[in-house]
Amino acid sequence: MHSVFDPASPQARAVAHLWWWMFGVGAAVWLAVMAAMLLSLRRRRAVRGPDELMQPAPGMDSHIERVVKAATFVTVLILIGFLAFDFSIGRILAQQPVDPLTIELTGHQWWWEVQYANQDLSQRIVTANEMHVPVGQPVRFILRSRDVIHSFWMPNLTGKRDLIPGYQSTIWFQADTAGTYRGQCAEFCGLQHAKMALTIIAQPKAQYQLWYAAAVSAQTEPADSTLLYGQRIFMTSGCSVCHAISGTQAYSTVGPNLTHFKSRTLIASGTLPNTRENVARWVLNPQAIKPGTQMPPSPLSTDQLSALVTYLETLK
Amino acid sequence: MTGPNTNRTLPVEATVAEDDIERDARALETVWGERPGFWSWLTTVDHKTLGKRLIVTAFLMFIAGGIEAALMRAQLSRPENSLIGPDRYNQLFTTHGTTMMFLFAVPIMTAMGLYFVPLMIGARSLAFPRLNAFGYWNFVVAVVFLYVSLFVNTGPDVGWFAYVPLSGPQYSPGHRVDVWAQVVTFTEISALCGAVNVIVTAFKMRAPGMTVNRIPIFVWAQLVVAFMIVFAMPAVATGSTLMLATDRAVSMHWFNPSEGGDALLWQHVFWFFGHPEVYIIFLPALGMITPIIETFCRRKVFGYTPIVMANITTAFFAFGLWVHHMFATPIPELGQSLFTAASILIAIPTGIQIFCWLATMWISRPQLTVPILFVLGFLFTFVNGGITGVMLASVAFDKQAHDTFFVVAHLHYVLLGGGVMPLFGAFYFWFPKMTGRKLSETLGKWHFWLFVIGVNVTFFPMHILGLEGMPRRVYTYLADTGWGPLNLVASIGAATIAISVLLFVINVIVTMRRPVNAGANPWNSSGLEWSVASPPPSYNFLYAPLVESRHPLWDISVDLPVLTGFRTDRREVLVTTTFSAQPDSRHEGPTPSIWPLYLALCMGVVFIGSIFSPWFVLGGVGLSVIGLAGWGWTGSKPSGHERVSTPAAMPERA
């Protein structure tokens, strides 16, 4: 689900390859030093001199000097080899992507704002914490932060890139295995740094295009009276102060965009599965689940809460 | 009595008459000795008293930081644990890091130097005894300030690295970050006082004949580190005291991008200090290993010159690595490559030192006492941390491992393996010198095994956790992540470490209740510090020893030749030339004084007060003028400095 050992992109695979080499050589070096250490305890090469000090056997010092010089030389060779290997991996990662899908990712305390870039504004998708990407096409991320420093990291797909206020940086990868991958903010960003996860769903191009088509569509007006009631609660109980649902009068960008809320698998930045009970618990008192989150509690009655959640569940 | 500026040759004597020894010892004890009582406790300038006090205070900080670590491990032992909430947890991990780096590791390594450098080079005191006291009291202010703040729920909570803008006024209102910034300020002052003292003492106060190529390796390490402190500390002083504190107190916007500031600048300033800091902890520990190996292998170390050169090289490289903490930031790739190369190169000098020690052990018969066991524990643990350090030099790999538990594992392998294990070895080794009592070997072996096992059980699983995606500085994690079992293992390891440290404390307490019976040189070791009584007299050396080799106590068959003829009616110290250590002048050292403590309290008013109002700065500076005047006041006494010429009988023996 999230592991450097299980790469799903050429980029992550190159690093995993490097890692296993480093692990092998590193383990061999460690074992060699431990062997030398243990043998030095066992060896009885010296004799006790008249002054209680050890007198090395004749010629021992020049012999051991050659060994130390050789060990130093081998160390230097290993390190130079490692440096060359690392630079070759660095060159692979430094290539520029061809015809990438561009996603603008903005860090917030403590969630990820996602915008699929498109010249045609009607084709732009605004979502949060969960992204779908096509397998086999490079995906380029433009990274920014709205508040403090965050760090984007998908262990199976790519290493980290920081989101720093005042800077814009990019990173890219190309998923070559379909799957659902988890990542977490990697730079300490305050109270809820621990609960700032994101999900990337890599899927075959056809499936991705279906998702994309659904995601650009606006929501239709609810017809059902319960849903209308739920929508009214959304608009009047404070939800719309921060959250947007396209096609309605809610267009604030303070919190995650909820237009296709139900299409996401998790809520609260990867903290809870997106089930009816969890959404109700979250809306009622998010501070109990994620203390310090910017979302305030909403003291709704059972009927109100039920209608609101029913409405949110239609936002597919 | 001879007046100033008269050239006098001090007599060299192979043996001094018993009567003279007794008379001089009594006279020196009157001049140098501490009077009993609380006032004397506050005013002392004896480097041994202050060194011991600094070691004890810093070790208490090790225990405090350890308790914080234990609480964190308890919280992380299972997923979604509700023992400690995020607010408390963030204060705990920040205070743990700040305590261990600023209030334990650097001070205790410096403290070992402040205690032993004069004894190892045959000097009666440090060059600036009152400055030493001032440094200690500043350190105490930092300790009290940080822990009082933590207990009133104002502990810093943005990490020991305090990245802006999270630590800036907008995202961290209140005083928590101010506490961090000012604690760092006090420790900077304290470290700089120690560094300047060590540099001047090691350069100008070595015993006659201790030429540059005869300086003990422990002293070399302390000297190199003192220079590193002088170059590294101003960077963090600029960052925390000048920039972060004024950003917060008077809205300077150094780091605010919307006002033309730069959020990345802080990281450069911090890590330019922060990376050398690691070597400031590590090099003194390496300096402790050489005398331990020499003593218990009963052989002079193989490769004195390469070891000294390795120390100096490491210090240079250490200032060229800081960007490897910033590989995930938008820094040009070509620039990053340079720091990769430097981060890899620094493994070479450390490797050379390790090869030299292994060679020394190879051609002798190590006795497996507790100090040398800790050296073996160092090799077992530190080499692992060094190898992962080389891995982290790779930009590609670092971007996967950075800010994860892999780095937590790496840094604890390096600091516990490379810093604390040699330090424990050094405690067992030099404890008889400091207290006159040997620690129990049996308890020591329990302490050793539990500590080494505990460290490895705690931190080895963290390598795997990091590569499985667990970031650092998280107060909890979801059960779905699958990180639970390895975290539980790590927490069990942490409990093992706690037990082992408790055994050490018990060992110290039990030993201190025993009579003083260790003798001057219980290990039959070679350094000058072992030529004086245990614990050393207040004046350290009755006469200045004459040094003729790197191992003074091993290379002579009878008593050390000494230089006599010092005045015994004042605190006289011998100043020698920097390279060849020829007697140059004699100098009157300062007497006990309350002003260092007073001035440290003034610093407290300035820096702690600055959090609340800039007016405290003005008031505190005003108060400190009085302190400076008192400190420098000598009355109508003449200058206590006079030149001497080299005695005719300087070392000639082969």
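Just so you know, these numbers come straight off a predicted model, no measurement behind them.

Criteria and thresholds
One numbering rule holds for all chains: residues counted from 1, following each sequence as written. Here chains are named by letter from A upward and ligands by number from 1 upward, in the order in which they appear as written. A pLDDT threshold of at least 70 governs which residues receive local features in this predicted model, and a stricter bar of 80 or more applies before side-chain atom pairs are shown or counted, although totals over entire chains, interfaces and linings include all residues. Each residue gets a pLDDT score, which is the predictor's confidence in that residue and runs from 0 to 100. Remark: residues whose backbone-derived C-beta atoms lie within 7 Å of one another are considered to be in contact. Segments assigned H or I by DSSP are reported as helices when at least four residues long, segments assigned E as strands when at least two residues long, and all are numbered from the N terminus. Neighbour density around each residue's C-beta defines its exposure: 20 or more other C-beta atoms within 10 Å make it buried, 12 or fewer make it exposed, and counts between make it partly exposed, where C-beta atoms are placed from the backbone. Under the scheme applied here, ten amino acids are nonpolar (Ala, Val, Leu, Ile, Met, Phe, Trp, Tyr, Cys and Pro), four are charged (Asp, Glu, Lys and Arg), and all others, including Gly, are polar. At least two DSSP bridges between two strands are needed for those strands to be called paired. Fitted lines through C-alpha atoms serve as axes, helices being fitted only where they are in contact, and the angles separating the N-to-C directions of these axes extend from 0 to 180 degrees.

Trainee: When you look at the confidence of the model for chain B in this model, what are you seeing that I'm missing?
Mentor: Low-pLDDT stretches of the model should not have their predicted coordinates read in fine detail. All names here are of chain B. Here chain B averages 92 in pLDDT, and 96% of its residues register 70 or above. Ignoring residues within four places in sequence, the model shows residues 1–7, a span with pLDDT below 50, making 12 contacts including any to other chains. Interface predicted TM-score (ipTM) for the complex: 0.96; the corresponding pTM is 0.95.

Trainee: What is the right way to read the environment of Leu574(B) from this model?
Mentor: Residue and element names in this part refer to chain B. Relative to the assigned elements, Leu574 resides in strand S4 (residues 572–576). Leu574 sits in the buried class, given 25 other C-beta atoms within 10 Å. Contact partners of Leu574, with chain neighbours within four places excluded, come to Ala544, Pro583 and Arg586.

Trainee: Honestly, the interface of chain A and chain B in this entry has me stumped. Any pointers?
Mentor: Bring the parts together and some accessible area is lost; that lost area is often taken as the interface size. Contacts between the two partners involve 69 residues from chain A and, on the opposite side, 69 residues from chain B. Every element with two or more residues in the side of chain A that touches chain B is listed here: helix H1 (10–42), strand S2 (54–56), helix H2 (60–94) and strand S9 (158–163) of chain A. A per-element tally of the side of chain A that touches chain B places H2(A) first, with 17 residues. Here the side of chain A that touches chain B is built from residues that sort into 43 nonpolar, 16 polar and 10 charged.

Trainee: Got a minute to help me understand the sheet that holds strand S12 (residues 197–203) of chain A in this structure?
Mentor: Two pairing modes exist for strands in a sheet, parallel and antiparallel, and in both the strands are linked by backbone hydrogen bonds. Residues and elements named next belong to chain A. With mixed pairing, three strands are arranged side by side in an open sheet as S6-S12-S11. At either margin of the open sheet sits one strand with a lone partner, and together these are strand S6 (130–134) and strand S11 (179–184). Within the sheet, the average angular offset between the axes of one strand and its neighbour, ignoring direction, is 25 degrees. When S6 meets S12, the two strands line up parallel, connected through five bridges. Considered in S12, the bridge of His132 is made with Ile201.

Trainee: I tried to follow the sheet that holds strand S10 (residues 169–173) of chain A on my own but got confused; where do I start?
Mentor: Residues and elements named next belong to chain A. Taken in spatial order, the five strands line up as S5-S4-S3-S7-S10 in an open sheet, and their pairing is mixed. Only two strands of the sheet have a single partner each, and these edge strands are strand S5 (125–128) and S10. Strand after strand, the sheet turns through a mean of 25 degrees between neighbouring axes, direction not considered. Pairing of strand S3 (residues 101–108) with strand S4 (residues 111–116) involves six bridges; the strand directions are antiparallel. The residue of S4 that forms the bridge with Thr106 is Glu113.

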